[in-house]
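Observations on the model geometry
As a plain string of letters, each chain reads:
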Amino acid sequence: MTKFKTALLINQDKPSSIDRKLLALSKNSSKYSIDLILRHHLKSLSWRETFLKIALMIVLFIESIIYKKNSLNQNTHDAADESFKNIPFLSISTEINSLGDSVLSKESSFLLNDHKLDLIVCTQFSSMPCDLSKLSGHGILQIVFGKDPHLVNRAAGFFETAYKISTSSFHISASGKNKLYSPQYESLEMATSFPFSSNHDRLHSKSIHFLHQFIESSSLSGISEYKQANVAEIYSSQSNYPSLRCSVRALFTLVDITVSKIISKITKKYHRWGIGFSKISDPNSLNLEQFNIIKNRPNHFYADPFLIKHNNHNYCFAEDYDYESCKGTIRAFQLKGEGYIDLGTVLEEKFHLSYPNIFEIDGILYMCPETASNKTIQLYKCKEFPMVWEHHKTLMSNISAADTNIFYHDSKWWMFTNIDTANIGDHQSELHIFYAKNFDSEVWTPHQKNPVVASALQARNAGFTSSDKARYRVFQKQDFNFYGRSIGVAKINLLDPSNYEEEVVSSIQANFIKNIQGTHHLHRIEGMAALDFNRYETLG
């Protein structure tokens, strides 16, 4: 198969860090190769834009003093820097036509036409000659950051951080007659992180990965289901830099969060997870008025509770995180009325464990805990309940996947998991599905529409329940600089190798007990439910 001959459009003399990431990914592509770099210099900044740029730089300078910036994938950048030296550059110029539009100059149009390009890509949305897409067989692909056209600018993710918005988003804009089509990679919402530099870098890394996957999985048939923002509207309203009001707001946010961190260190109070359980009489509702808390051990927290009934006794398995070792193990509790018995650690590895998803097959109990730090999805088999478990199989390797659910449906075994596809520590924004003939298969087929959910408000698994009539996926809702603000429950209405549909049927806010800030897990069995919660407290 012949690769798309692709040009990378840049607005400065040298490719930016985000451009270098794309080049590194393109080296292993089976669909496209970057064979030309187009330079299109934007017009000089007006005095107003110069003032806004200075305001932004002041905020970023203050942030850099307080928070050290960590560049993502620096090794990849360095390798890509060398590769750019072997790619030819072509500077293009523009002129104004009789209609007042910016178009390519005759010389630029002639030179560009000789390259016979299949595709032009631009990693940062910007105004460009209106006839540029005509000189590429499949038009132009651009990354557009933000939802509101009036907020699109060079500082991707800055507005969301300044105003503490839950998610930061982007979408891939395709233009041209024979434009490419890849609906599952058209848009994504990431949880907004702090500080701005972190949110900016994460957003760039994820968007470049999506642009790469968009091209890799693209086709020419069909009409995109995603309603893209009006490109002309964005061109006419976009600014190069955030408004002065936004920069001032960002400064206040920076001070507010920094002061909160200082107070936290002085008082020695931190956000800490905990778990609890409650009996429920109505299978269609949660009665959390009699919520019984399982007390955390000193310098530990419990999270991700899973319930199971065994020999007429109820048990809770949960993550037991040690603040000193920065590692989680799996701990078990026997539940008795409103009390419990701490049975101790039941599973420990050299790497972090959490989310102890337990299910029964032919009378044998299996556990699929999160093993993302080991780059695997592993399955354990119970040898002596509840204390003895042994490694059964490694279902997947070389994968960073979190909070995996495995269940049987329509003659297949299904795996729902959250994959960090861009290798930036983000397991919150993508839900991926796989299927196999056996629950412990070492070969799983990916769903045709992966990722089936691409939003930090609904992608991350937070539990799973099923019955003879329906299956429900519990999911987390992320917030600004906060992991696990609340949870929702989605009913799975359609699931087959090429389709997936779920319907949100309920949500649970972090208000079922006093003084909690978040909740990110729910599991229920007949007559009982368990949740976790986050509150501000000392670690003792």
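Here is a short report on the structure shown in this document. (Residues numbered from 1 in each chain as written. Predicted model: local features only at pLDDT ≥ 70, side-chain atom pairs only at ≥ 80, totals over all residues. Heavy atoms only, no water.)

Regarding the sheet that holds strand S20 (residues 401–409)
Reading across the sheet, the 4 strands line up as S20-S21-S22-S23 and stay open at both edges, with antiparallel pairing between neighbours. Of all the strands in the sheet, just S20 and strand S23 (445–446) have a single pairing partner and so form its edges. (Pairing = 2+ DSSP bridges. Helix = DSSP H or I, 4+ residues; strand = E, 2+ residues; numbered from the N terminus.)

What about the layout of surface pockets?
In this structure, the largest pocket spans a volume of roughly 1600 Å³. What lines the largest pocket is a set of 48 residues, among which Lys-261, His-271, Asn-481, Phe-482 and Tyr-483 lie closest to the centre. Broken down by secondary-structure element, the contributors of at least two residues to the lining of the largest pocket are helix H6 (196–216), helix H8 (244–267), strand S10 (270–279), strand S12 (300–310), strand S13 (313–322), strand S25 (471–479), strand S26 (482–496) and strand S29 (528–537). If you tally residues by element for the lining of the largest pocket, the top one is H8, at 8 residues. (1 Å grid on protein atoms, 1.4 Å probe; cavity = no way out; pocket = protein on both sides within 12 Å on 5 of 7 lines; lining within 4 Å. Points joined across faces, edges and corners; volume = space filled by probe spheres on them.)

A closer look at empty space enclosed by the protein
Evaluated as defined, the whole model comprises 1 cavity of 30 Å³ or more. Taken together, Val-59, Glu-63, Phe-158, Thr-161, Ala-162, Phe-194, Phe-196, Ala-250, Thr-253 and Leu-254 make up the full set of residues lining the largest cavity. Where the lining of the largest cavity is concerned, the elements lending two or more residues are helix H2 (47–66), helix H5 (158–162) and H8. A class-by-class count of the residues in the lining of the largest cavity yields 7 nonpolar, 2 polar and 1 charged. (Nonpolar A, V, L, I, M, F, W, Y, C, P; charged D, E, K, R; others polar.)

Some remarks on the nonpolar core
Judged by nonpolar contacts, the single largest core of 32 residues is most densely connected at Leu-22 and Leu-141. Broken down by secondary-structure element, the contributors of at least two residues to this core are strand S1 (4–10), helix H1 (17–26), strand S2 (32–39), strand S6 (119–122), strand S7 (140–145), strand S8 (167–175), strand S9 (187–191) and H6. The leading source of residues in this core is H6, at 6 residues. (Core = buried A, V, L, I, M, F, W, Y, C linked by side-chain atoms within 4.5 Å. Buried < 20%, exposed > 50% of the residue type's maximum accessible area, 1.4 Å probe, protein only.)

Some remarks on the pattern of salt bridges
Using the criterion set out here, one finds 15 salt bridges in the structure. In this structure, Asp-256 engages Lys-164 in a salt bridge whose closest nitrogen and oxygen atoms are separated by 2.6 Å. Here Asp-256 is found in helix H8, whereas its partner Lys-164 is found in the loop between H5 and S8, with 92 residues between them in sequence. Residue Lys-164 is classed as partly exposed on the basis of its relative accessible area of 34%. Residue Asp-440 pairs with Lys-393 through a salt bridge whose shortest N-O separation is 3.7 Å. Taken together, the positions of Asp-440 in the loop between strand S22 (432–436) and S23 and Lys-393 in strand S19 (residues 388–397) put the pair 47 residues apart, joining distant regions of the chain. (Salt bridge = Lys/Arg side-chain N within 4 Å of Asp/Glu carboxyl O.)

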